[in-house]
Structure formats: C-alpha cells, structure tokens
Amino acid sequence: MRFVVIGAGMAGILAAIRLREAGFDDVVVYEKAARPGGTWRENTYPGLSCDVPSHFYSYSFALNPDWSRRYSPGAEIQAYFTDVAQRFGVTERTRFGQEIVRCAFADGRWHLETKDGTKDVADVVIAATGVLHHPKMPDIEGLDTFAGAAFHSARWDHAVPIDGRRVGVVGTGSSAVQIVTAIAARVGELVLFQRTPQWIMPTHNPAYSEEEKAGFRAHPEAMEEIRRATSQQFCDGFANIIGDTESPILQAMHDMCVAHLESKVQDPALRERLRPSYRAACKRLVIADGFYEAIQRPNARLVTERIARVEPAGVRTTDGVLHALDVLVLATGFHVDWFVRPMQVTGWDGVRLDDAWAHGATAYMSLTAPGFPNFFMLNGPNGPVGNFSLIEVAELQVDYVLKLVDELRRGTCRALAPSGDAMARFDAERRAAAKKTIWSTGCRSWYLDETGLPTAWPFTFDRFRTEMGTPRLEDYERR
Ligand code: NAP
C-alpha cells in the first residue's frame, strides 16, 4: 500500500514514523514549506513557548532529556521536531515545497496533485494539515493604509526593529499574552488593544539544571514518569471535566485566575478592565507569568475602546483617540474551521468535501468523514483541543488509523469510510454534549462554530482514549 501524508508538522512526522514502524515502506510526505515543524516553524514571535510542559509535549517514543525548561521556548521545540524528523528518516521521504491542492478518489485510489501540477497516487491519505494554521487577519478598516509595519503574530517580520519603538498589539489570546510579556521591556511604547479580557492562570517555569538533564539521560524512565504524571494531571484536572461545569476543579481554576489578577494588578480601575465577565476556561485558558507585570509598566497602555480604523499614523479608537504607532502586531488568531481546506477533496461517488462541510467541518470520531475513504485527518474537526498536549491526541489517533489500515492490509476491503448513519449518530451525541461544556458558558472563542456551538471533542478524554483504542468497525462502510 502506498501512503501519502500531507504536512510535515508534529502530526505528519508522527504518522510517517508510525507507518514505517508498522512495516509500510511506501510512505511519502508532502510539505508545502521548505522545512518541517508546522506551527513551530511558522510562529517565531518573541516570547513564543508552549504552555504544555515539554516532557508532556514530546513524542512518547522520542523523549528529550535536553529540554531547557518545564515550558521550553518555541525555537527549541522547532529544533526538536526537525531533529526527530531527521533521526527517524522522515526528512528524506518528505517532498518539501510541494503543496497538495487536489485529492480525488477514483478507481479505488487517491489521485493527488500539487500546486505545480505534479501528480501522485496513494491508497491511503493522512491529512496532517494543522488546526491553528491559517492566520486570521482582522477585518479592520484602513489596515492596508498603515504607514508602519503590520503583520500577523504567526508571520512575525524579524526585519522590523521593535526596540525603542511604538508597538501596538491587537488581541489578548495566548499569542498576544506571550508577545506582550516578551516585548514590553524592549519597546519604547506598548499599546495593547483588548476587545475581550482573558483569564490568566499563573505558572512557574523553572530551568532544568545540567544535573537534572544528565539524570534524564541516565534514567529515561524519569522522563516517562513525568510524561505519564503530567498527562494524568491534565486529564483529571481538565480534559476529563470539561463537560461538568459544576466541577469543583473548574471552580478552583477560576479562583486561581481571580487571585492571580487581584494579587498582581494594583490599580483597581486597570484591574477591572482586565477582569473577564465569563468563567475561566470558557475560552482557552491562557497560562502565563509576567503579563500583568508587563501591562503595568510605565511604557505600556491597555486600550479597551473599540478600534474604529487604522490610519497611516496608527490606530484610531471609537472615542476619537489616535494611538500613534510604528509597528502593529495582529495577534488575532486563525481560521480554525479550514482544516484540510483550501485543498479540494473529492471522495467516492463524486462527493466534495466543501459540500460535505458546507454547514461546518465535522469528522466521525475526529478523524474520518463519510464519502472520503481511506482519508484520515489528524487533529481534524471535533477532536480534543485546548489545554492539552496535541501530541498525545495525535498519537492516539494514529493508533486508530493503523487499526483501520490493518483492515485494508488484511484484505477485508479496499476502502473504508464511516457510514452516514454513524456520522449522524456521532454528531447528534457530540452536539448534545457540546452544549454542556465549560466552553458553552457564555463567551466568544475560537472553539465555537458560527452557530455558537463548541466544535471540539466534548466528551471526557478517557472516552477519547477508549474510542481510539477500539475503533467501531461496524460503523464503517467498506467497498
Ligand atoms: P486567539 O486565541 O484566537 O485570540 C485572538 C485574539 O484576537 C482575541 O483576543 C480576539 O478578541 C482578538 N481579535 C480578533 N479579531 C479582532 C478584531 N477585529 N479586533 C480586535 N480584537 C480582535 O488567537 P491566539 O492568541 O493566536 O491563540 C490561538 C490558539 O493558539 C490558542 O488558544 C492556543 O490554543 C494556541 N496557542 C498556544 C500557545 C501555547 O503556549 N501552547 C501559544 C499561542 C497560541 P476576542 O477575544 O474578543 O475575540
């Protein structure tokens, strides 16, 4: 069988490694960029780090004794993925600079085409195209008239000097909070345009000493234990309770965020402007230290009036004030509902993914879609997202894919896709559960679809683990 993996980010590298381990030799990875790394290649903003502990945000089969900190910086994470791709033979089977634009299932196989017209065929396609991938530019009048430099947080322009200059940041998500914290002491003036305040969970980010790293090298089981314990902690402390809005654990998280705000922000007026009106963890929780200190610096200013427009000299808010700026950073998030799109995908009987997803992207068990046989989406629609390690999610998903692929290997069928009935049942149950999650308690966030319903896996993480471990083969249509 021939496999095509689309994307050489965290999930694509993983899929290629695990397919080879499972004995499949004919595996090719297509990557539109010149290097592997996905989101860690694309995001290079100052302060970039992962708020999931590094020994948890690592592949289970490639633990890393050299992580510098509990939460390591982005450049180190990018180096880790580059290294794993190299060591496990993924780089050599990756076609860099080749973007797949079309996938069509015909005569029992997938026919793929890249942007430059190169064609390929595969029996199985694994789309590892990422979630937080397509930058969302804000729809602000006059943005293109700005005389200074303006760029999205995921497209940081390192040629633009920021030291000593007047820098505006739009947004208060995880990216903006990391950026503001990192640049506040460097810039001349920092203006943060906040549309909605965020709850911020304090954290502690100690460096690992050389002795600790040597200990990890000598005793890898110590890293395994950290990974296991952290996974357990994230499951019990969050991923298993998102559907129980009355959980005392969620209340405790809320209380910690309140205490963080109240202990760190001195000025009562500023404190109230920074205080969200919704529950902690309704939006994806920001986990960070130093933000409140940064925004209270004498050179920093929080602007809560709405942005009216951007002008050549800066940002004008609806109160008529012009905030003069040299640089404008748009930390305004991503088109999270695109998934494999804009790739054109056509399944059996001519069904088009764009049509199937006309009312929102959905996937049976977070991986597959009716009409699209042997097509698996890692970190696809309806999967677990949020404050958790997406590596653990992808590893479980790859286990599931391998179990289905085994059906093909054993010759029970040539192609399989979830039945329409199975999809409808799953979706009805998912929708009902989504309404009861913490994400539905009254805030706007990227977790919500256009009707306001959370799209992420709304069940416990334990259930996700079980579902991934034991695919319901009877839910699949075989041809
Ligand atoms: P985000 O969470 O979607 O935040 C976007 C921000 O931009 C929000 O504050 C939003 O305000 C604001 N915004 C959007 N359009 C606007 C407009 N037209 N005018 C004013 N404000 C506007 O994006 P993000 O911060 O890039 O984070 C996305 C996700 O990436 C995170 O939730 C997380 O999953 C991941 N991430 C993870 C880490 C990590 O450490 N693991 C770090 C960075 C990012 P509203 O709230 O009012 O909509």
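One numbering rule holds for all chains: residues counted from 1, following each sequence as written. Reporting in this predicted model follows two pLDDT cut-offs: at least 70 for local features of residues, and 80 or more for side-chain atom pairs to be given and counted; totals over whole chains, interfaces and linings ignore these cut-offs and use all residues. Here the side-chain values reflect all heavy atoms present in the structure, with hydrogen atoms and water set aside.

S.K.: Account for the environment of Gly117, with residues named and values stated.
M.R.: When you line up the elements, Gly117 lands in the loop between β5 (109-114) and β6 (119-122). As for Gly117 and Trp457, which are separated by 340 residues in sequence, their C-alpha atoms are 36 Å apart. Each helix is a run of H or I in the DSSP string that is no shorter than four residues. Each strand is a run of E no shorter than two, and both are numbered from the N terminus.

S.K.: Which residues make up the packing of helix α1 (residues 10-21) against helix α3 (residues 74-87), and what values go with them?
M.R.: Each pair of packed helices can be summarised by the angle the axes make with each other and by the distance between the axes. Running from N to C, α1 and α3 point in directions that differ by 20°, and their axes come no closer than 10 Å. For the element pair α1 / α3, the angle class is roughly parallel. Every pair of crossing elements has a handedness; the one defined by α1 and α3 is left-handed. Contacts from Met10, Ile13 and Ile17 in α1 reach Phe81, Val84 and Ala85 in α3. Classifying every residue of the contact of α1 with α3 by side-chain character gives six nonpolar, no polar and no charged. Here an axis means a line fitted to C-alpha atoms, over the contact stretch when the element is a helix, while the angle between two N-to-C directions is reported on a 0 to 180 degree scale. Comment on the angle field: the value is read as roughly parallel under 35 degrees, roughly antiparallel over 145, roughly perpendicular from 65 to 115, and oblique elsewhere. Here a crossing is taken to be left-handed if its near helix is turned anticlockwise relative to the far helix by less than a right angle, and right-handed if that turn runs clockwise. The criterion used for residue contact is that any of the two residues' heavy atoms lie within 4.5 Å. Note on residue classes: Ala, Val, Leu, Ile, Met, Phe, Trp, Tyr, Cys and Pro are nonpolar, Asp, Glu, Lys and Arg are charged, and everything else, Gly too, is polar.

S.K.: Quick one: what's the story with the layout of surface pockets, residue by residue and with numbers?
M.R.: Here a cavity is any set of points on a 1 Å grid over the protein atoms alone where a 1.4 Å probe fits but cannot get out, and a pocket is any open set with protein on both sides within 12 Å along at least 5 of 7 lines; a residue lines the site when it has an atom within 4 Å of a point. Grid points are joined across faces, edges and corners, and a volume is the space filled by probe spheres set on the points. What the second largest pocket holds in volume is close to 580 Å³. As for the second largest pocket, its lining consists of 25 residues, and the residues nearest its centre are Tyr71, Met201, Gln233, Phe234 and Ile287. Elements that contribute at least two residues to the lining of the second largest pocket include exactly α6 (220-239) and α7 (248-264). In terms of residue count, the dominant contributor to the lining of the second largest pocket is α6 (six residues). Here the lining of the second largest pocket is built from residues that sort into 15 nonpolar, eight polar and two charged. Shared between two domains, the lining of the second largest pocket takes at least three residues from each, and those domains are domain 1 (3-134 + 335-478) and domain 2 (143-199 + 244-330). Boundary definitions for the domains trace back to an automatic or database domain assignment.

S.K.: Before we move on, could you go through the packing of aromatic side chains and cite the residues and values that matter?
M.R.: The pairing test for Phe, Tyr and Trp rings, Trp by its six-membered ring, is centres within 6.5 Å, and the orientation test on the planes gives stacked under 30 degrees, edge-to-face over 60, and tilted for anything in between. What the rule picks out here adds up to 29 aromatic pairs. Distance and angle both matter: a charge sits over a ring if NZ of Lys or CZ of Arg is within 6 Å of the ring centre and within 35 degrees of the ring normal. Positioned above the aromatic ring of Phe459 is the side chain of Arg463, whose terminal nitrogen or guanidinium carbon lies 4.1 Å from the ring centre. The ring of Trp348 has Arg479 lying over it, and the distance from NZ or CZ to the ring centre is 3.8 Å.

S.K.: A description of the packing of α1 against helix α11 (residues 390-409) should follow, citing residues and the corresponding values.
M.R.: Here α1 crosses α11 at 40°, and the two axes come no closer than 10 Å. On the basis of their axis angle, the class for α1 and α11 is oblique. Crossing of α1 over α11 shows right-handed handedness. Between α1 and α11, the residues in contact are Met10, Ala11, Leu14, Ala15, Arg18 and Leu19 and Leu390, Ile391, Ala394, Glu395, Val398, Asp399 and Leu402, respectively. Residues belonging to the contact of α1 with α11 are distributed by class as follows: ten nonpolar, no polar and three charged.

S.K.: Tell me about the sheet that holds strand β4 (residues 100-106), residues and numbers included.
M.R.: Spatially, the four strands line up as an open sheet ordered β6-β5-β4-β18, and their pairing is mixed. On the outer flanks of this sheet lie β6 and β18 (344-346), each paired with one strand and no other. Neighbour-to-neighbour, the strand axes of this sheet turn through a mean angle of 15°, independent of strand direction. Criterion used throughout: strands pair if DSSP finds at least two bridges between them. Pairing of β4 with β5, which is carried by six bridges, proceeds in the antiparallel orientation. Its bridge partner being in β5, Cys103 is matched across the sheet by Leu112.

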